[in-house]
Amino acid sequence: MAWVLLTLAGLLEVGWSIGLKFTEGFTRLWPSVGTVIGFAASMFLLAQAARTLPIGTAYGVWVGIGAAGAAVIGMAVLGEPATAARIFFVCLLLVSVVGLKATSGH
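Residues numbered from 1 in each chain as written. Predicted model: local features only at pLDDT ≥ 70, side-chain atom pairs only at ≥ 80, totals over all residues. Heavy atoms only, no water.

## Some details on the overall build of the chain
The test is simple: A helix here means a DSSP run of H or I that spans at least four residues, while a strand means a run of E at least two residues long, and both kinds are numbered starting from the N terminus. The globule rule is 2.2 Å times the number of residues to the power 0.38, and the radius of gyration it is compared with is taken over C-alpha atoms. Contacts between residues were defined by any pair of non-hydrogen atoms, one from each residue, lying within 4.5 Å. Accessible areas in this description were obtained via Shrake-Rupley with a 1.4 Å probe; residue shielding takes into account the shown protein chains only.
Scanning the chain from terminus to terminus reveals four helices and zero strands. The helix and strand sequence of the chain, counted from the amino end, reads α-α-α-α. Taking 13 Å as the expected radius of gyration for a compact globule of 106 residues, we find that the chain reaches 14 Å, a close match to that expectation. Its C-alpha atoms give the chain principal-axis dimensions of roughly 40 × 35 × 15 Å. If you take every contact in the chain between residues at least 6 apart in sequence, the share linking residues at least 24 apart comes to 68%. For the chain, the exposed area adds up to about 6200 Å²; of that, 76% sits on carbon and sulfur atoms.

## Regarding a nonpolar patch on the surface
Definition in use: Patch membership requires over 30% relative accessible area and the absence of a salt bridge. Like charges are linked within 9 Å, and nonpolar side chains (Val, Leu, Ile, Met, Phe, Trp, Tyr) within 5 Å. Any Lys or Arg side-chain nitrogen found within 4 Å of a carboxyl oxygen on Asp or Glu counts as a salt bridge.
A surface patch of nonpolar side chains, amounting to about 430 Å² of accessible area, comprises Met-1, Val-4, Leu-8 and Leu-11. Tracing the chain through its elements places Leu-11 in helix H1 (residues 2-23).

## With respect to the side chain of Thr-57
Definition in use: The classification of residues rests on relative accessible area computed with a 1.4 Å probe and restricted to protein chains. Under 20% of the type maximum is buried, over 50% is exposed, and intermediate values are partly exposed.
Tracing the chain through its elements places Thr-57 in helix H3 (residues 55-76). For Thr-57, a relative accessible area of 10% puts it in the buried group.

## Focus: H1
Selection rule: Expected span of a helix: the number of residues minus one, times 1.5 Å.
Given a rise of 1.5 Å per residue, 22 residues ought to cover 32 Å, and the 31 Å separating the end C-alpha atoms of H1 matches this to within 8%. Tucked inside the fold, the buried residues of H1 contact helix H2 (29-49), H3 and helix H4 (84-102). A positive backbone phi angle near 50° is found at Glu-24, which sits one or two residues after H1.

## Topic: the side chain of Thr-35
Mapped onto the elements of the fold, Thr-35 is located in helix H2. Relative accessible area serves as the criterion here: at 5%, Thr-35 is assigned to the buried category.

## Let's talk about the UniProt feature "transmembrane region" (unreviewed entry) in the chain
As a reminder, the rule being used: UniProt positions are given in the numbering used here, feature names are shortened, and annotations may be inferred rather than shown by experiment.
The feature "transmembrane region" (unreviewed entry), as given by UniProt, occupies residues 29-47, 59-78 and 84-103 in the numbering adopted here. Secondary structure across residues 29-47 divides into 100% helix and 0% strand, with the first and last C-alpha atoms of the span separated by 27 Å. Segment residues 84-103 splits into 95% helix and 0% strand. End C-alpha atoms: 28 Å apart.

The structure is reproduced here in structure tokens:
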């Protein structure tokens, strides 16, 4: 169950990190509210997962999902450059996430 919570926390991190772009420096109310709620929910789920999983693994996987997801959405939806180098490094992030899970002992 901890891995499910951690995956949800990571997906929420993708959501709130992308939401930051739409807050325009927290000057737009509803995008700001959604971003703050997503952040709080993501942190709560991370904390719940970390009750069972090692914190280094939980935090690393959470950050990896968030960073890779934000980068992919940035490239696919927000018009950020999708160079071969960026795609390669996103793949490295995903390999790292899988490696952390595989070696966590849980």
